[in-house]
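Below are the chains, spelled out letter by letter.
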Amino acid sequence: VLVFAHRGFGNLAPDNSLVAAKLAMQNKMDGVDVDGQFSADNELVVFHDLSVDRLTNGTGKVSSKTVAELLKLDLATKYGKGFENAYVATFDDFVKEITPNGILMVELKVPSSKDTGIEKRVAEIIQKYNAYENVYLSSFNPLVLYRLKKIDPRIRTVFIFMDTNWNPELIAEIKKEDLVNLPWFLRNETIRRAIRNIVKPDALSVNNEVDEKTIDTLLKKGYPIFLWTIDEETRLEWALNKKPYGIISDEPIITKKLRDGKE
């Protein structure tokens, strides 16, 4: 079972920072799970929220800022705990720095159905570094995954889903005006099955609260499944016993110790 550090290095370093991802690699994680968005000038940066207010001392939407403006934002300032100079980084930097040592999974945040060009840009960077083996591109938006495969079938895609809308913990992190509800049809397993048949993702990223029968059925069918986000030891034991392809956790060190103890 692969262990992926959520948002770079989970609860242990600044959210979605390259500093965090490098720490995860130093601690022998199999991979990191981060988030990618387009800047105002169409460059892909790694950042979780749609606005920069919560995680940095800046204000405004990620999509309204140029890449130069975004790279000046320090993620360490609000995290504290001894970190400094954990500036926002580009997807290009993450691919260059992380993929020689582990797998980089990037959730592409594209709330609308329109073609923004993000898929074309991400494909160019993967081609530049020949990083097909060690970059997984994930999204809740199946159109993004469909377009990626059309651009380059060698790109590894991961379909993310859950059975419910956002939980209170996630809603608390999101500015009211940034909230994009998960459409009802993406919460319906029958419709998701049809989507998977069309989009043909290489793996699935399944919220751990999805109906257990659905999880078991997908595992039985042989789908490579990542279960997310699991942090408590009892729940991690449950997930490890399922033997999924991977687990995404905010407590990656605990997850790895439990995993290694079973081997």
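Note: the structure precedes this text.
Residues numbered from 1 in each chain as written. Predicted model: local features only at pLDDT ≥ 70, side-chain atom pairs only at ≥ 80, totals over all residues. Heavy atoms only, no water.

1. Some points on the pairing of strand E5 (residues 103-108)
- Burial within E5 is extensive, with 6 of its 6 residues counted as buried.
- Burial along E5 is two-sided: Ile103, Met105 and Glu107 facing one way and Leu104, Val106 and Leu108 facing the other are all buried.
- Relative to E5, strand E2 (residues 31-38) runs parallel, the two sharing 6 bridges. Following the sheet pairing, Gly31 is matched in E5 by Ile103. (Buried < 20%, exposed > 50% of the residue type's maximum accessible area, 1.4 Å probe, protein only. Helix = DSSP H or I, 4+ residues; strand = E, 2+ residues; numbered from the N terminus. Pairing = 2+ DSSP bridges.)

2. A word on helix H9 (residues 212-220)
- Burial in H9 covers these residues: Thr214, Ile215, Leu218 and Leu219. Seen end-on, H9 carries its buried residues on one side only, within an arc spanning 130°. Seen from the buried face of H9, the exposed residues on the opposite side, beyond 90 degrees, are Lys213 and Lys220.
- Elements in contact with the buried residues of H9: strand E7 (156-161), helix H8 (189-199), strand E8 (203-207), strand E9 (225-228) and helix H10 (233-242).
- Gly222 sits one or two positions beyond H9 and adopts a positive phi of about 95°. (Arc of directions from axis to C-beta. Contact = heavy atoms within 4.5 Å.)

3. Considering the packing of aromatic side chains
- Evaluated as defined, the whole model comprises 7 aromatic pairs.
- Arranged with centres 5.6 Å apart and planes meeting at 70°, the rings of Tyr79 and Phe83 form a pair that is edge-to-face.
- Exposure remark for Phe83: the relative accessible area of 24% places this residue in the partly exposed category.
- Centre to centre, the rings of Phe140 and Trp228 are 6.2 Å apart; their planes meet at 85°, and the pair counts as edge-to-face. Linking Phe140 in the loop between strand E6 (135-139) and helix H6 (142-151) with Trp228 in strand E9, this pair joins segments that are 88 residues apart in sequence. With respect to burial, Phe140 and Trp228 carry one shared label: buried.
- Here Arg196 stacks its cationic end above the ring of Tyr223, 5.6 Å away from the centre of that ring.
- Between the NZ or CZ atom of Arg235 and the centre of the ring of Trp238, over which it lies, the distance is 3.7 Å. (Phe/Tyr/Trp six-rings, centres within 6.5 Å; stacked < 30°, edge-to-face > 60°. Lys NZ or Arg CZ within 6 Å of the ring centre and 35° of its normal.)

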